[in-house]
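# Remarks on the overall topology
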Amino acid sequence: MSLLRVENVSKHFGSLIAVDNVSMTVEPGELRAVIGPNGAGKTTFFNMISGFLNQTSGKIVFDGEDISSLWPARRVWRGIARTFQITEVFPELSVRENLRIAVEVASGYRLHLWQSRNIDGEVKARVVDLLEMGGLADKADRLVGELSHGDQRSTEIMMALALKPRLLLLDEPTAGMGDQETYEITQLIRKLHRDQKHSIVLIEHDMRVVFHLADRIMVLAEGKMLAEGTPKEIAANETVQAAYLGKAAA
Amino acid sequence: METLNRQTANIIVWLLLLAMPFWIKALGGYTELCTQVLVYALAAMALNFLLGFTGVLSFGHAAYFGLGAYGVAMTIKYLVASTPLALLVGIVVGTIAAAIIGWLIVNLRGVYFAMVTIAFGQVFYFITFRWNNVTGGDDGLTGWSRVPIDLGFTRIDILHNPTAFYYVVLAIFAVAVGIMAFLLRSPFGRTLLAIRENERRARFLGIPVERHIWLSFLISCLFVSLAGGLYALLNNFVDPRALRWDMSGNFVIIAVLGGMRSFWGPMIGAAIFVVLQDYVSSMTENWMSFLGLFFVLIVLFFPRGVLGILRRKSLS
Ligand SMILES: Nc1ncnc2c1ncn2[C@@H]1O[C@H](COP(=O)(O)OP(=O)(O)O)[C@@H](O)[C@H]1O
Ligand SMILES: [Mg+2]
């Protein structure tokens, strides 16, 4: 069974049609990229999957269940985690605390008023794992708001991973990053996909990143799906080249 | 190192509070002033549970403060001559009201939340103001007083012995503040910090934000009604001003003045507030405008409050 099935979703903002009748299917373990020029509707598409926005029409099925009208936290509980195009973290808390909250909530402790020594130890150990995976171990006790843009993004991705998601939605994880940081994040995403078999949907505008990572690519332009296929097929697709690659190259 | 500092700070605070009735006299104060500091500190720390540690501004906490106060006064006057029972009734009344109103407003944010809390607060003000024959209306509820506490083996005469009353209030204060500190250090408490820091991130970690804000509001109002009950006991009197909007404003001022990001901040704010109120009001009727001015200056120049200034000093 497909992990995620988006069926003919549209989003209208007044007279603007931001997403126009788009469908997408993601298989377990797949890394799917969504690309398209600015304003194509990529983020809006994500917002509907994660429940940040309600779709104007269409349906979202996750693991066989229609989740179209569930509120966001419930979709998280079903296993959908996301990051945002503009980093969303807890700036005045340390990296460790940011991750700790994510781990605790994911473990179902959000209403707990007390923690046994054992549980406390387990939570802390898991936080250390995440710190190391994200390359954040040496900054663990710094406030996230004081870190570089790249480290803030890594923190956000690690928070999403702390939820042990069944589907990870990443909205332009390399936006605004230098080459080195872009490389590191790309390596991390590759690892999550190849080694840890995470199912990921990735929004990107940086073509280099996408063509190396993705199993399949969906191209959006002006709210419509322009093409879908393997990186090779997309690279060879003339409509895409005209509408997007051409523009990007120009 | 940091936990050591925090422990030292805690010990100093509790020693100061334990000895307050003695050193306040050296400074020209009196015991009731100490009790007043505790009551305002409890109210402001309870407000700060919501404001400083959940990031939600309520401008109507006097409603629950006042309900606690009237709950205590009316229980003693009309129902039963017992201080503990009266406090219990005050807390229950205030918390039930908070549960219902909180549930109605928990979807609002920022200024809208603050404005609606004021509106609900004023509703309770007008009820106590108008419902003359039960609440005493504008004149307040008189003809009752706090009742000595009977522990079986001994009797604490909180009515005639202000020092005994101070220490009873301090014990209640300690329990209340201890519970709040405990909650804030729990996983639940950390979800509140998460909401304060970034509601969107909190929601997309799977925290049902509205429910948690509702719970925080409830806890905050529970302790504010307790403070209100103690306030009524302190004065042996209650009138509608206990739940008017400017009382809500006082709590916000105290919390912000002391520093709403720190646990003890509002306590310092309360001390400054009570002392200023006592001294300035003996000179001028309009002392509120002095305090208002002071408050505006503090917020403008030191958004982290008095404790924030001291912290910065000690760091540099
Ligand atoms: N909340 C909103 N209200 C109104 N218009 C919006 C909103 N969100 C996005 N849009 C519009 O929808 C279109 C698609 O935006 P978006 O999904 O952010 O594009 P992308 O992520 O592909 O750059 C844009 O024209 C944008 O201005
Ligand atoms: Mg976008």
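Residues numbered from 1 in each chain as written. Chains lettered and ligands numbered in written order. Predicted model: local features only at pLDDT ≥ 70, side-chain atom pairs only at ≥ 80, totals over all residues. Heavy atoms only, no water.

### Topic: the overall build of chain A
In terms of helices and strands, chain A carries 9 helices and 10 strands. Radius of gyration (C-alpha) of chain A: 18 Å, near the 18 Å computed for a compact globule of 250 residues. Reported as C-alpha extents along the three principal axes, the dimensions of chain A are approximately 60 × 40 × 35 Å. Within chain A, the fraction of its 250 residues that count as buried is 53%. A separation of at least 24 residues holds for 66% of the contacts in chain A among residues at least 6 apart in sequence. Surface summary for chain A: the accessible area is close to 11000 Å², and the carbon and sulfur share equals 50%. Here chain A carries 29 positive and 33 negative side-chain charges, and the mean point of each set is 4 Å from the other. (Helix = DSSP H or I, 4+ residues; strand = E, 2+ residues; numbered from the N terminus. Rg over C-alpha atoms; globule rule 2.2 N^0.38 Å. Buried < 20%, exposed > 50% of the residue type's maximum accessible area, 1.4 Å probe, protein only. Contact = heavy atoms within 4.5 Å. Areas by Shrake-Rupley, 256 points an atom, 1.4 Å probe, with all protein chains shown as cover. Lys, Arg positive; Asp, Glu negative; His and termini not counted. Charge placed at Lys NZ, Arg CZ, Asp CG, Glu CD.)

### Regarding the coordination of the magnesium ion (ligand 2)
Residues and elements named next belong to chain A. Every protein donor of the magnesium ion (ligand 2) is listed here as Thr43 (OG1) and Gln85 (OE1), and their distances to the metal cover 2.0 to 2.1 Å. Taken together, the positions of Thr43 in helix α1 (residues 42-50) and Gln85 in the loop between β6 (80-82) and α3 (95-106) put the pair 42 residues apart, joining distant regions of the chain. Residue classification places Thr43 among the partly exposed positions, given a relative accessible area of 25%. For Gln85, a relative accessible area of 31% gives the class partly exposed. (Donors = N, O, S within 2.8 Å, 3.2 Å for Na, K, Ca; no water.)

### Quick look at the site of ligand 1
Residue and element names in this part refer to chain A. Near ligand 1 the following residues occur: Phe13, Leu16, Ala18, Pro37, Asn38, Gly39, Ala40, Gly41, Lys42, Thr43 and Thr44. With respect to ligand 1, the backbone of Gly41 contributes an N or O atom lying 3.0 Å from an oxygen atom. Alone, ligand 1 offers 560 Å² of accessible surface; in the complex the protein occludes 60% of this. For the shell around ligand 1, the leading source of residues is α1, giving 3 residues. When the residues that make up the shell around ligand 1 are grouped by side-chain class, the tally is 5 nonpolar, 5 polar and 1 charged. (Near = heavy atom within 4 Å. Polar contact = N/O pair within 3.5 Å; in protein donor to acceptor, adjacent residues only side chain to side chain. Nonpolar A, V, L, I, M, F, W, Y, C, P; charged D, E, K, R; others polar.)

### Quick word on the sheet that holds strand β3 (residues 31-35) of chain A
Residues and elements named next belong to chain A. Read from one edge to the other, the open sheet built from 6 strands follows the order β6-β7-β8-β3-β9-β10, with strand pairing classed as mixed. Looking at the sheet topology across the chains shown, the edges are occupied by β6 and β10 (224-229). Here the average twist between neighbouring strands, direction ignored, is 20 degrees. Pairing between strand β9 (residues 216-221) and β10: 5 bridges, direction antiparallel. Considered in β10, the bridge of Val219 is made with Ala227. The sheet contacts of helix α5 (residues 149-162) involve β6 and β7 (167-171), and relative to β7 the element is tilted by about 160 degrees. (Pairing = 2+ DSSP bridges. Axes fitted to C-alpha atoms, helices over the stretch in contact; angles between N-to-C directions.)

### Comments concerning the packing of aromatic side chains
Residue and element names in this part refer to chain B. For the structure on display, the rule yields 17 aromatic pairs over all chains. Judged by centre distance (5.0 Å) and plane angle (50 degrees), the rings of Phe65 and Tyr231 are tilted. A residue pair is termed long-range when its members are at least 10 positions apart, and Phe65 in helix α3 (residues 62-79) and Tyr231 in helix α10 (residues 209-235) qualify at 166 residues. By the burial criterion, Phe65 is buried, and Tyr231 matches it. Geometrically, the ring pair formed by Phe263 and Trp264 is edge-to-face, given 5.5 Å between the ring centres and 80 degrees between the ring planes. Residue Trp264 is classed as buried on the basis of its relative accessible area, which comes to 12%. By way of ring pairs, the aromatic residues Tyr40, Phe65, Tyr231, Phe251 and Phe273 are connected into one cluster. One Lys or Arg, Arg146, reaches over the ring of Phe165 and ends 4.1 Å from the middle of that ring. (Phe/Tyr/Trp six-rings, centres within 6.5 Å; stacked < 30°, edge-to-face > 60°. Lys NZ or Arg CZ within 6 Å of the ring centre and 35° of its normal.)

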